[in-house]
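Each chain is listed here by its residues.
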Amino acid sequence: MSDNIETIAIKTQIERTRFLEHSAPLYLTSSFVFEDAEDMRASFSEEKDRNIYSRFTNPNTSEFVEKIAKMEGAEAGHAFATGMSAVFSTLAALLNSGDHIVSARSIFGSTHTLFAKYFPKWNISHSYFNVNEVDKIEKLIKPETRVIYAETPTNPGVYILDLEVLGRIAKKHNLLLIIDNCFATPYLQNPIKYGADLVIHSATKLIDGQGRVLGGVTVGSAELIREIYLFSRNTGPALSPFNAWILSKSLETLHVRLDRHCENALKVAGFLETEANAGNVRYPFLPSHPQYEIAKKQMKLGGNIVSFEIKGGIEAGRNFIDNVKLCSRSANLGDARSIVTHPASTTHSKLTEEERLESGITPGLIRVSVGLEHVDDIIKDIQQALNS
Ligand SMILES: Cc1ncc(COP(=O)(O)O)c(C=O)c1O
């Protein structure tokens, strides 16, 4: 098999049935049968690599996982019902009471809620570093620290963290580096190359790409994935075979979709920089992005998310959202349809004002998930909403 991600995404396929179908069929079954008692015993004791029950494994899920693992350069992986179940199960499987996480402050709202509200119940604590202060990470590391956790690019601020620096720190202190690679996808960025131990995706976003299904996946070493698999097998956040089938098909076109998403996003970002009502435009491949050089080093293209600050704060932000016509008002991202979100009043509304500001989420911050419509139409819509 080729090392090229485009070929991997198309040619990785589960074994054909006797019907010799070209495209992998959907295995919509909750369980599997056995030849006899001995076959059943050997399968349960894992002497045989067999599907037993779709909470554990399913052919469609296995195909999806194998593709993502190969695309990320990982040994193994496990798929989940959602991105959040991937985040939760990965950390819950590997951490013990008393452990400590050092995390970037700019992380997805529900991941923050997990760290701040639920993990303390099990005596798992965390310390945050600001995305522009990776030099402070080492000061936060304690004897009980087990994990460095980050997203890059971040949601919704589109900040970039230097994966090489994170990898070096994690290695020096013998910590697990876990990267949520949702905004980049395996096509744009492979954190394992820079020393990440585990890479997590919300497959709900660009991997599906058409706003249809939920899904999540974690990839990494076979040893770590085994622990995560056992946790998931016993606690139940399995990806449905139908969603796995959709997601595996979606990966076949990921590279083509992403090329256009990124081309459109760069044009939208360039346009926003010329607009008087939009300030602080952030897009990783805009030379004005504070971490442009790092983005260029570790990403193939800049992704499809652009953020900017609308002049006039919260009221102007709400007004902008009210006035878009072509773009959707939605909390999702990574869809073929362009989407605008006002994080302060939606995805990050559960954070306090202070927590939002610390994560760079100002009242007028707008996140644009640039879709696949003609870029002139996207720009025209944003322009008219900005000036309404
Ligand atoms: C960076 C990031 N991680 C994780 C998630 C959670 O994914 P899901 O909605 O599939 O649970 C999201 C969702 O927006 C996200 O943006």
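Each remark here, short or long, concerns the structure printed above.
Undergrad: Break down the pairing of strand E2 (residues 100–104) for me, with residues and values.
TA: Burial analysis of E2 places five of its five residues in the buried class, which makes it a mostly covered element. The side-chain alternation of E2 yields two buried faces, one formed by His100, Val102 and Ala104 and the other by Ile101 and Ser103. Where E2 and strand E4 (residues 145–151) come together, four bridges link them in parallel fashion. Among the inter-strand pairings, Ile101 is bridged to a residue of E4, identified as Val147.

Undergrad: Describe the environment of Ala316, with residues and values.
TA: Tracing the chain through its elements places Ala316 in helix H13 (residues 313–323). Ala316 gets classed as buried once you look at its relative accessible area, which sits at 19%. The contact partners of Ala316, leaving out residues within four places of it in the chain, are Ile310 and Lys311.

Undergrad: Can you tell me about the sheet that holds E2, naming the residues and giving the values?
TA: Where strands meet in a sheet, backbone hydrogen bonds hold them as pairs that are either parallel or antiparallel. Reading across from one edge, E1-E7-E6-E5-E4-E2-E3 is the order of the seven strands in this open sheet, with mixed pairing throughout. Here the strands that pair on one side only, and so sit at the sheet edges, are strand E1 (76–80) and strand E3 (125–129). On average, adjacent strands in this sheet sit at an angle of 20 degrees to one another, irrespective of strand direction. Of the pairings in the sheet, the one linking E4 to strand E5 (residues 176–180) comprises five bridges and is parallel in character. Within E5, the position partnered with Tyr149 by the bridge is Ile178. Strands E1, E4, E5, strand E6 (198–202) and strand E7 (216–220) of the sheet are contacted by helix H4 (residues 83–94), whose axis makes an angle of about 155 degrees with E6.

Undergrad: Summarise the environment of Ser288; cite the residues concerned and give the values.
TA: Along the chain, Ser288 falls in the loop between strand E8 (278–282) and helix H12 (292–298). Looking at Ser288, the relative accessible area reads 44%, which means it is partly exposed. Separated by 219 residues in the primary sequence, Ser288 and Ala69 place their C-alpha atoms 33 Å from one another. Here the side chain of Ser288 touches Glu273 through a polar contact of 2.6 Å, side chain to side chain.

Undergrad: Would you mind going over the side chain of Glu72 in detail, with residue names and values included?
TA: Along the polypeptide, Glu72 turns up in helix H3 (residues 59–72). Buried and without a salt bridge, Glu72 has Lys193 as its closest oppositely charged side chain, separated by 8.6 Å. With near-sequence residues (within four places) excluded, Glu72 lies in contact with Asn181, Thr185, Pro186, Gln189, Asn190, Pro191, Ile192, Val199, His201 and Val219.

Undergrad: So what's going on with the site of the ligand? Which residues, and what values?
TA: Neighbouring the ligand are 13 residues, the closest being Gly83, Met84, Asp180, Ser202 and Thr204. A distance of 2.8 Å separates an oxygen atom of the ligand from a polar backbone atom of Gly83. Contact distances for the ligand include 2.6 Å between an oxygen atom and a side-chain N or O atom of Thr204. Protein chains bury 91% of the 390 Å² of accessible surface belonging to the ligand in isolation. Each residue belonging to the shell around the ligand can be placed in one class, and the counts come to four nonpolar, six polar and three charged.

Undergrad: I'd love a proper account of the sheet that holds strand E9 (residues 305–310), names of residues and values included.
TA: Read across the open sheet, the five strands follow the order E8-E9-E12-E11-E10; overall the sheet is mixed. Two strands lie at the open edges of the sheet, namely E8 and strand E10 (328–329), each paired on one side alone. As paired elements, strand E11 (residues 339–341) and strand E12 (residues 365–369) share three bridges and run antiparallel to each other. Bridge assignment links Val340 to a residue of E12, and that residue is Val368.

Undergrad: Go over the packing of H3 against helix H10 (residues 241–251), please, and point to the residues and values.
TA: Contact pair H3 / H10: the axes reach a minimum separation of 8 Å and the direction vectors enclose 35 degrees. Crossing hand, H3 versus H10: left-handed. Taken together, the residues of H10 that come into contact with H3 (itself represented by Asn60, Thr61, Glu63, Phe64, Lys67, Ile68 and Met71) are Pro241, Ala244, Trp245, Leu247, Ser248 and Leu251. The class makeup of the residues in the contact of H3 with H10 is eight nonpolar, three polar and two charged.

What counts and how
Residues numbered from 1 in each chain as written. Predicted model: local features only at pLDDT ≥ 70, side-chain atom pairs only at ≥ 80, totals over all residues. Heavy atoms only, no water. Buried < 20%, exposed > 50% of the residue type's maximum accessible area, 1.4 Å probe, protein only. Helix = DSSP H or I, 4+ residues; strand = E, 2+ residues; numbered from the N terminus. Pairing = 2+ DSSP bridges. Contact = heavy atoms within 4.5 Å. Axes fitted to C-alpha atoms, helices over the stretch in contact; angles between N-to-C directions. Polar contact = N/O pair within 3.5 Å; in protein donor to acceptor, adjacent residues only side chain to side chain. Lys, Arg positive; Asp, Glu negative; His and termini not counted. Salt bridge = Lys/Arg side-chain N within 4 Å of Asp/Glu carboxyl O. Near = heavy atom within 4 Å. Areas by Shrake-Rupley, 256 points an atom, 1.4 Å probe, with all protein chains shown as cover. Nonpolar A, V, L, I, M, F, W, Y, C, P; charged D, E, K, R; others polar. Left-handed = near helix turned anticlockwise from the far one by under 90°.

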